[in-house]
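So the chains spell out like this:
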Amino acid sequence: MKNRFLSTLPLLLLLVLGFESQAQPKQKPNVLFIVVDDMNTWGLVKDYPVLKVPNLRKLLSQSLYFQNATCAAPKCIPSRASFFSGKYPHNSGVYQNGPNVWGTSDVLTQVEALPELFKRNGYTTWAGGKTFHVPLPGNREAEMWDNPVHHGGYGPWVARAGQWFDTKPWEGPDSDFTDVVTAEQAMAFLGQQQEKPFFMYWGLYRPHNPYTAPKRFYDLYDGVTFPMPPGFAANDLNDVPPMGQALTDGLAPLYRKVPNQEQALQTYLKAYCANYSFADWSVGRVLDALEKSPYAQNTLVIFASDNGFHNGTKNHWTKETLWEQATTIPLLIRLPNGQGVVCPQTVSLIDIYPTLVEYCNLSPPKQQLDGLSMMPVLKNPKARWERPGLTTTRENYSAVRTQQYRYIKYADGSEELYDHQQDPYELKNLAQQISLKPVMVSLAKQVPRQFKKSVPVKGDASDAGGHAAAGEAPAKKKGGKKVGAAEGKKRKAQNQE
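Note that the structure is a prediction, hence the values are computed from the model and not measured. (Residues numbered from 1 in each chain as written. Predicted model: local features only at pLDDT ≥ 70, side-chain atom pairs only at ≥ 80, totals over all residues. Heavy atoms only, no water.)

Peer 1: Whenever I open this one, the overall build of the chain confuses me. Can you help?
Peer 2: Looking only at helices and strands, the chain features 17 helices and 11 strands. Considering the chain as a whole, with its 497 residues, one finds that 60% of them fall into the buried category. For the chain, the share of sequence-separated contacts (at least 6 apart) that also reach a separation of at least 24 residues comes to 75%. Taken as a whole, the chain presents about 19,600 Å² of accessible surface, with 52% of it coming from carbon and sulfur. (Helix = DSSP H or I, 4+ residues; strand = E, 2+ residues; numbered from the N terminus. Buried < 20%, exposed > 50% of the residue type's maximum accessible area, 1.4 Å probe, protein only. Contact = heavy atoms within 4.5 Å. Areas by Shrake-Rupley, 256 points an atom, 1.4 Å probe, with all protein chains shown as cover.)

Structure, rendered in structure tokens:
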């Protein structure tokens with residue numbers, strides 16, 4: 001056994017040294033940061049075999065895959081506020097979607113946002129699609145990007161604007177979708193000669209609803225009988241405290257359109273998978289353009305979703321809970337000439353900001369960053385990572401995720417505990433087991449002691465399933481005709497047409 005270990009030691013050292021050399025760029029590196037919307041981890045963990053995502057599977061084979069990565073907040077605006085600012089929600093006060101969180105949070109008004117830091121460090125900054133998901137005060141966002149940002153919107157809408165749970169394929173041109181328009185803009189940027197290193201941020205709207213996608217992506221799933229979501233259990237909320245149960249939607253948004261539960265899940269699982277595949281195709285186009293460009297060997301690629309998605313588990317379709325499906329995200333980091341490695345470290349989107357500061361050798365921002373640099377893991381995927389993942393959805397609502405456990409604590413002191421080694425789908429709440437009390441006491445120490453008061457969120461616009469989408473209005477209809485994102489020409493604010 002000892003001789004076998006000694007014989008494999010050189011190979012292990014070569015792998016580690018290989019990662020270390022890749023993680024230390026010899027010149028100022030470029031960054032391509034891709035963020036999709038409401039994407040669960042099915043495409044990476046093969047947890048839903050009917051799903052077709054060839055481009056993500058290819059990227060997975062080239063990347064470090066952080067299988068226990070979490071978002072700081074399981075909702076669009078607070079999640080983006082956290083990774084763009086480097087501040088947790090309990091420190092910024094941004095827990096919910098709101099129309100002016102970057103103007104009302106005394107923390108966000110003072111921080112140096114990630115693209116602002118890159119620009120100050122001499123980078124060209126480029127953005128397209130869904131960025132902050134809310135307008136920033138004054139000209140702040142316009143000044144942080146070097147290109148005129150096309151924000152677009154969620155459309156096109158099959159029936160009328162605001163019909164979030166439409167599940168029909170789109171038979172108009174692809175250019176009606178913002179994701180297609182901005183993908184082509186990103187491809188054009190990568191095809192141009194850039195005089196300076198660049199930071200690219202590309203935000204997709206899919207697979208977020210409305211579940212319109214080009215018809216060919218619906219056709220991929222014709223004749224498919226969709227299995228129930230992994231971890232689905234009809235009585236899964238029986239051991240969940242009332243405050244946890246109150247976060248679920250009871251799948252009500254689905255039943256408003258399709259009263260029969262089985263038929264509703266078949267309808268919406270097909271719609272979600274079609275939009276997932278649409279996002280996969282869009283991502284593949286941009287990654288192919290990067291590979292054909294002169295920047296392929298000096299560009300770090302980060303792929304992530306802003307939050308996870310339930311798809312029926314815990315009797316819930318959307319997000320904004322503290323369970324695994326809403327808080328765990330797909331996170332891939334591809335180094336130049338990268339290799340596919342699964343990393344168990346409990347990293348978070350909050351860690352992207354400090355990682356890029358170190359990787360790109362940037363002068364630090366003026367604010368103290370809440371996250372940790374992932375550079376030790378980029379250099380050695382087996383590096384120790386002590387800090388658990390932390391997700392907060394409102395004041396005094398938090399989840400702590402270690403490699404083995406998820407611990408949840410609500411505002412009334414009620415708790416949940418799940419052992420992922422035995423129960424990866426969190427079906428059995430162990431909070432009442434006396435033998436696990438020491439574990440809960442230890443994990444409870446990771447919950448913030450103080451939560452900053454929530455910023456005002458009055459005036460939220462309605463988003464899918466009662467969620468807010470402040471500052472992002474859908475594509476309008478003109479003269480009763482269907483109108484897509486490509487027809488929007490004038491905007492008063494981000495993503496408003």
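Peer 1: Would you mind going over the packing of helix α9 (residues 178–190) against helix α13 (residues 261–292) with me for this structure?
Peer 2: Two quantities define a packed helix pair, namely the angle between the axes and the distance from one axis to the other. Running from amino to carboxyl end, α9 crosses α13 at an angle of 10°, the nearest separation of the two axes being 8 Å. Of the possible angle classes, the one that applies to α9 and α13 is roughly parallel. Side by side, α9 and α13 meet where Asp 179, Val 180, Ala 183, Glu 184, Ala 186, Met 187 and Leu 190 of the first sit next to Phe 278, Trp 281, Ser 282, Arg 285, Val 286, Ala 289 and Leu 290 of the second. Among the residues forming the contact of α9 with α13, the class breakdown is 10 nonpolar, 1 polar and 3 charged. (Axes fitted to C-alpha atoms, helices over the stretch in contact; angles between N-to-C directions. Parallel < 35°, antiparallel > 145°, perpendicular 65-115°, else oblique. Nonpolar A, V, L, I, M, F, W, Y, C, P; charged D, E, K, R; others polar.)

Peer 1: Explain empty space enclosed by the protein to me, please; I cannot follow it from the model alone.
Peer 2: To find the voids left in a structure, one rolls a probe of water-molecule size over its atoms. Applying the stated rule across the entire model yields 2 cavities of 30 Å³ or more. Taken as a whole, the largest cavity holds about 60 Å³ of empty space. Asn 55, Lys 58, Leu 59, Gln 62, Gly 284, Leu 287, Asp 288, Glu 291 and Arg 334 together form the lining of the largest cavity. When contributions to the lining of the largest cavity are tallied by element, the ones reaching two or more residues are α3 (54–61) and α13. With 4 residues, the top contributor of residues to the lining of the largest cavity is α13. Taken together, the residues that form the lining of the largest cavity break down as 2 nonpolar, 3 polar and 4 charged. (1 Å grid on protein atoms, 1.4 Å probe; cavity = no way out; pocket = protein on both sides within 12 Å on 5 of 7 lines; lining within 4 Å. Points joined across faces, edges and corners; volume = space filled by probe spheres on them.)

Peer 1: Before we go on, may I ask you to explain helix α4 (residues 76–85) in this structure?
Peer 2: Residues spaced three or four apart along an α-helix point in a common direction, a consequence of the helix completing one turn every 3.6 residues. A large share of α4 lies buried, amounting to 10 of its 10 residues. For α4, the set of buried residues is Cys 76, Ile 77, Pro 78, Ser 79, Arg 80, Ala 81, Ser 82, Phe 83, Phe 84 and Ser 85. Looking at the buried side of α4, the elements it contacts are β1 (30–36), α5 (89–92), α6 (101–104), α7 (114–120), β4 (198–203) and α15 (352–359). The first or second residue beyond α4 is Gly 86, which carries a positive phi of 75°.

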